[in-house]
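Inside the fold
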Amino acid sequence: MDALIGCWQLETADPALGMTEPAEVEFKPNGQLIYSIEAGDKWQIMRLTFRVDGAELVTNQPSAPNEERTGFSLEGENKLVLDYGGAKASFIRGVKRAPAV
């Protein structure tokens, strides 16, 4: 789990995912995950929790509890690949751009 800690910027995504806006995920040591999408001049920010279960990232949104499981892999220290049932999104480690929450 420690390897995930930090901020990751969306690099590429399978078109089936519809991830066309700039996005970032920030994993915090306390199990918080901040998912941010840049929408024009504003950011849409979602607060989640996360944990790792083997090769799966387990996330939950406390305001609407529903556990989600997503396959993931790390390619070196700077690339995170999330696998949504075969459709993949790649993130690279980067500087946080979304507002702090």
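In this report, we go over the structure that sits alongside the text. For every chain, the first residue of the written sequence is number 1, and numbering continues from 1 onward in sequence order. Only residues with pLDDT of 70 or above have their local features reported here, since the model is predicted, and side-chain atom pairs are shown and tallied only from 80 upward, although totals for entire chains, interfaces and linings are computed over all residues. Heavy atoms from the whole structure form the basis of all side-chain values; hydrogens and water molecules are not counted.

1. Observations concerning the environment of Ala89
Heads up, the condition is: Secondary structure elements follow DSSP: runs of H or I of four or more residues count as helices, runs of E of two or more count as strands, with numbering from the N terminus. Think of it in three bands: with a 1.4 Å probe and only protein chains considered, a residue is buried below 20% of the maximum accessible area for its type, exposed above 50%, and partly exposed in between. Residue contacts follow a heavy-atom distance rule, with two residues in contact if any of their heavy atoms lie within 4.5 Å.
Note that Ala89 resides in strand S8 (residues 87-93). Judged by its relative accessible area of 0%, Ala89 is buried. With 76 residues separating them in the primary sequence, Ala89 and Ala13 have C-alpha atoms 4.1 Å apart. If we ignore the near neighbours within four places in the chain, the residues touching Ala89 are Leu10, Thr12, Ala13, Leu17, Met19, Leu80, Val81, Leu82 and Tyr84.

2. Quick word on the pattern of salt bridges
Side-chain pairs of opposite charge can arise whenever the charged atoms involved come near each other. Definition in use: Salt bridge, as applied in this entry: a Lys or Arg side-chain nitrogen positioned within 4 Å of an Asp or Glu carboxyl oxygen.
Counting across every chain of the model gives 9 salt bridges. With its nearest N and O atoms 3.2 Å apart, the salt bridge here joins Arg51 to Glu67. Placement of Arg51 in strand S4 (residues 42-53) and of Glu67 in the loop between strand S5 (56-60) and strand S6 (68-75) is noted, with a sequence separation of 16 residues between them. The network of salt bridges with common partners includes Arg51, Asp53, Glu56, Glu67 and Arg69.

3. A look at the environment of Asn66
This is how the line gets drawn: Under this definition, polar contacts are N or O atom pairs within 3.5 Å; protein pairs additionally need one hydrogen-donor-capable and one acceptor-capable atom, and for neighbouring residues in sequence, both atoms have to be side-chain atoms.
With respect to the helices and strands, Asn66 occurs in the loop between S5 and S6. Sequence separation of Asn66 and Gly85 is 19 residues, and the distance between their C-alpha atoms is 17 Å. Not counting residues within four places of it along the chain, the set of residues in contact with Asn66 comprises Thr59 and Asn60. Among the polar contacts made by the side chain of Asn66, one reaches the side chain of Glu68 at a distance of 3.1 Å.

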